[in-house]
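Survey of secondary and tertiary structure
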Amino acid sequence: MTPTKQAPLYEGKAKKVYATKDSQSYIVSYKDDATAFNGLKKDTIKKKGELNNRITNLLMQMLHKHAIPTHFIQELSPTDSLVKKLTMFPLEVIVRNFAAGSITKRLGIKEGEKFERPILEFCYKNDALGDPMINTDHILALKLAQAEEIDAISSYALQINTLLSDYFASMGILLVDFKLEFGKDEEGKIILGDEISPDTCRFWDAQTKQKLDKDRFREDLGDVSEAYEIVLQKILAKESK
Ligand code: TMP
Ligand code: ASP
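Residues numbered from 1 in each chain as written. Chains lettered and ligands numbered in written order. Predicted model: local features only at pLDDT ≥ 70, side-chain atom pairs only at ≥ 80, totals over all residues. Heavy atoms only, no water.

In this section: the site of ligand 1. The environment of ligand 1 is formed by 14 residues, the closest being Arg96, Ser102, Asp177, Lys179 and Arg202. One of the side-chain N or O atoms of Arg202 is found 2.9 Å from an oxygen atom in ligand 1. Protein chains shield 78% of the accessible area of ligand 1, which is 450 Å² for the free molecule. For the shell around ligand 1, the secondary structure elements donating two or more residues are strand 9 (91–98), strand 12 (173–180) and strand 15 (201–205). Across the shell around ligand 1, the residue classes break down as four nonpolar, three polar and seven charged. (Near = heavy atom within 4 Å. Polar contact = N/O pair within 3.5 Å; in protein donor to acceptor, adjacent residues only side chain to side chain. Areas by Shrake-Rupley, 256 points an atom, 1.4 Å probe, with all protein chains shown as cover. Helix = DSSP H or I, 4+ residues; strand = E, 2+ residues; numbered from the N terminus. Nonpolar A, V, L, I, M, F, W, Y, C, P; charged D, E, K, R; others polar.)

Put into structure tokens, the structure is as follows:
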């Protein structure tokens, strides 16, 4: 039987989460709403929900094949997916390969500069505070995660970076940076949750450096859903080989 949405549990800026009849799974429904700069800029982008749902699910299945535990269970509709219920860490885990976005302003680095090695950052997920960047001492002192959990999350994030960077490089896309969120299942196992999409990654065409992600919305470059569609079509082409 196809799982169906029960009570709505949570509505975020880009997704809604519903209970299901199974206490161990949720339905995530992707919205066309787009926000940036902590909600200051808002719009709706036609088809964004579908594109992010499909891209996330394809990427999570690729990662699963490479032994990364993810919350993905099943795609239910163009915009909705069944996922494993997790208790999320209130952390955004960011990995950067090339300079873009906030780090260019914070450290005065030119956009596009390649880092000698990937940079791992943590932000405290708290809209009221604007998701401030924190380090592992803050995470431990504030009891947001334990030391072994931070180690596991960091190790997964860097493995995911290698897997995704190689995957996208093979289709002519540079993985500039991205954001992940992790949670724990009932047994305390650390699992990748949330989404991996052009909303949460920076993707550049490797040749032209054209931006194929949410920066098109942040920077008013236009053709937002067209760019997301290019990313989806390249993934589908690779998967059909
Ligand atoms: P940043 O350069 O704005 O710090 O963003 C780094 C990466 O994290 C980029 O790929 C976009 C992603 N990101 C999110 O997914 N959600 C957020 O709220 C922010 C600020 C960034
Ligand atoms: N997701 C964040 C917001 O809504 C920031 C961003 O992605 O730029 O505001």
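Turning our eyes to something else, we now look at the pairing of strand 15. With five of five residues buried, strand 15 lies mostly within the body of the structure. Looking at chain direction, strand 12 and strand 15 are connected through five bridges and run antiparallel. Paired with Ile173 across the strands is Asp205, a residue of strand 15. (Buried < 20%, exposed > 50% of the residue type's maximum accessible area, 1.4 Å probe, protein only. Pairing = 2+ DSSP bridges.)

What follows covers the site of ligand 2. Taken together, Lys13, Thr35, Ala36, Phe37, Asn38, Gly39, Lys214 and Arg218 are the residues near ligand 2. Contact between ligand 2 and Gly39: an oxygen atom at 2.7 Å from a main-chain N or O atom of the residue. The side chain of Arg218 places a nitrogen or oxygen atom 2.8 Å from an oxygen atom of ligand 2.

All quantities given are derived from atomic positions and should not be read as evidence of function.
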